[in-house]
Amino acid sequence: MKETKEFQTESKEILSLMINSIYSNNEIFLRELISNASDAIDKYKFNALKSDGKLPIIDHEIRLSVDKNTRTLTISDNGIGMTKNDLINNLGTIAKSGSKAFVKKLKEATDKNDFNIIGQFGVGFYSAFMVADKVEVLTKTANGKAFLFTSDGKDSYTIEDAKKEETGTNITIYLKKTTNEINYDKYLEEYTLKGIVKKYSDYIRYPIKMLCSHQKKKIDENGKELDNEYETIIEDETLNSMIPLWRKNKSEVKDEELNNFYKEKFNDFEDPLVSLFVRVDGNITYDALLYIPSHVPYDLYSDAYEKGLELYSKGVFIKEKCPELVPDYLKFVKGLVDSPDFNLNISREILQQSPMMKKISENIEKKIVSRLGELMKEDFDKYTKFFEAFGEHLKFGIYSTYGAKKDLLENLLVYHSLVNEDKYISLKEYKEKMLSEQKYIYYASGDSLDSIKLLPQIEKYRKMGIDVLLLDKKIDEFAIMMLRDYDKIEFKSITDESANEITEEEKKKIETVTNENMRLLDTIKEALKSEVDDVVISSKLVDAPVCLSTKDGLSLEMEKTLNEQPGMNNEVKAQKVLEINPEHDLFKILSTIQADDDTIKEYASILFDEAMILEGREIKNRGEFISKLNSLMIKAFKK
Ligand code: ADP
Ligand code: MG
């Protein structure tokens, strides 16, 4: 007897959308149907195990079969099957939260034809109607009768008695006619089906089989292969690899396998620098494969680069890039997460807000950071390689979170330093090697290591044997500003006015020289009032006549970086102090000859430009500088 039933209202809404869908990602219907088949096999196995032998233990498979004449694709499983009531309850109504959320979203959507939202939801069985104008479900439970469910996905469906020997379900899809816009015939092609299975269902635990054709060399009577004579052989092929690497026993997975998987999956020709296989069983349960590439991905800095990890649930692919799973500063990390706690039908919004997601992501962040910490101890050279490629991201992590990640990340930072020459030094090591009377962790910044080493202020540190961190990345000082200190020792820029390792004796001497030269200093200050805040006698210099330091934490390097930002019209100004070396001959002469104010002012401007050059900065007006210098030389010869 054939019964006709109406779909539930909410189901009709989804169905009408599916029927009219020209959604370009309609291939996901196969993922949905294969997942259902896999779930059905899970259920059969579960029942068989607790049936005390009443339900036989059998080999399970999912099968795809194609009939080009009828233009049908059938997905069969020997799983649990459905009773008549199951058909009505499971296929005639939507019971699932995912679909309910979808209907709600659909009702809210201003443009009802925004098919993109389909892709955000796994709408399960109904997705078949994206590609089908008729679907038949032939099904039988172990001890029940067989039924045939048929629907065109419009208002109603029919259920009738049917014939089927084996337990399980066959879902037959009558493909829509191919149009100019969409090719449905491709779902009859071996090639397409193989590709879709690989993409979405490679790690389904049961074999997904299909009859496939192969070209084979013909064989003669003696069993010898004939050249250039081929025949087409049709044989069963398993399309999926079944066991995801990350679901294997951790101890069975070799590093080489992890690396090969990475290269294949993420299209890299080089082994990753670090691979991590994480398995967490507890409040949250997930497996993860995490990789740090051994070189900067070519597109990392392009706008098109998306951070994130792949997301799976029980081996079934859900989403390619889940940005929620890694913090921005780890955007270079590649990999995947598989958690049984995520459900296939979950919507993007629900995913984003999911507290699980947040927990997993925090967990992953910690795992990566602690692995990097280990690497630093085990193999500093390798760690250095990592840091050269991605160290700036860690600094960015500290800066962009206003120091909230200080504790997590500070021990991963390494810097070049004055004493250590071209090798990197960690903050811990710097601290251990500090001189007993040293108050600060000193640093100096500039465009390049070489230009930093030429800073006039650095000479004294070199002489005293105090190490200075050399910061040549734009982000450096900004990150250090957020760190403030390391293990209670403050950072201090050697170009900061207050940076000084000075004895009482030296202090006194400076005071005396300052008092003796008040008028000279005031005149220079007056001459440079638009450039500097102060002019002082310095205790920081060895060979150089002058240097520029800054007050209030904004360095010359930061001033430059900030002014380079789009829309900045040199608005940022560091508070500059011109420091003069009292031991330098130039100062001594100026101090004794008591030149007239105009001459001093001319000297002042040259000294300022000299200081700028020594700090590795551009001088404002080169022409003016040169003509002043020349006029001084001419004066000297005239005398
Ligand atoms: P979900 O899989 O999220 O429950 P679907 O729309 O994909 O949602 O499927 C609805 C229900 O239909 C399933 O929960 C299951 O009970 C039933 N079902 C679908 N396909 C099969 C199948 N191949 N064998 C047995 N039951 C199935
Ligand atoms: Mg499903």
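Figured I'd write up the structure that's included with this text.

1. Topic: the sheet that holds strand β22 (residues 546-551)
Strands belonging to one sheet form pairs held by backbone hydrogen bonds; the direction of such a pair is parallel or antiparallel. The three strands are arranged β21-β23-β22 in an open sheet whose pairing can be described as mixed. A single partner strand is all that each edge strand has here, and the edge strands are β21 (534-537) and β22. Each strand of the sheet is rotated relative to its neighbour by a mean of 30 degrees, with strand direction disregarded. Note: β22 against strand β23 (residues 575-580), six bridges, orientation antiparallel. What sits directly across from T550, in β23, is K576. Contacts from helix α17 (residues 518-527) reach β21 and β23 within the one sheet, and its direction differs from that of β21 by about 150 degrees. The strands that helix α20 (residues 597-614) touches are β22 and β23; relative to β22, the one it contacts most, it runs at about 75 degrees.

2. Thoughts on the pattern of salt bridges
Evaluated as defined, the whole model comprises 47 salt bridges. A salt bridge links E3 to K84, with the nearest nitrogen and oxygen atoms 2.3 Å apart. Taken as a pair, E3 in strand β1 (residues 2-6) and K84 in helix α3 (residues 84-91) lie far apart in primary sequence, 81 residues in all. Given the relative accessible area of 28%, K84 is considered partly exposed.

3. Some thoughts on helix α6 (residues 190-201)
One turn of an α-helix holds 3.6 residues; hence residues three or four places apart share an orientation. Compared with the 16 Å implied by 1.5 Å per residue over 12 residues, the 15 Å span of α6 between its first and last C-alpha is a close match. Within α6 the residues assigned to the buried category are T192, L193, I196, V197, Y200 and S201. The buried residues of α6 occupy an angular sector of 130 degrees when projected down its axis, which confines them to one face. Looking at the buried side of α6, the elements it contacts are α2 (28-49), β2 (62-67), β3 (72-77), β8 (208-219) and β13 (316-322).

4. A closer look at the packing of aromatic side chains
Overall, the coordinates contain 24 aromatic pairs when judged by the stated rule. Aromatic pair F149 and Y157: ring centres 5.1 Å apart, planes at 25 degrees, arrangement stacked. Overall, the relative accessible area of 3% leaves Y157 in the buried class. Members of the aromatic cluster, joined through ring pairs, are F332, F380, Y383, F386, F387, F390 and Y424.

Each value, and the rule that gives it
Residues numbered from 1 in each chain as written. Chains lettered and ligands numbered in written order. Predicted model: local features only at pLDDT ≥ 70, side-chain atom pairs only at ≥ 80, totals over all residues. Heavy atoms only, no water. Pairing = 2+ DSSP bridges. Helix = DSSP H or I, 4+ residues; strand = E, 2+ residues; numbered from the N terminus. Axes fitted to C-alpha atoms, helices over the stretch in contact; angles between N-to-C directions. Contact = heavy atoms within 4.5 Å. Salt bridge = Lys/Arg side-chain N within 4 Å of Asp/Glu carboxyl O. Buried < 20%, exposed > 50% of the residue type's maximum accessible area, 1.4 Å probe, protein only. Expected span 1.5 Å × (residues − 1). Arc of directions from axis to C-beta. Phe/Tyr/Trp six-rings, centres within 6.5 Å; stacked < 30°, edge-to-face > 60°.

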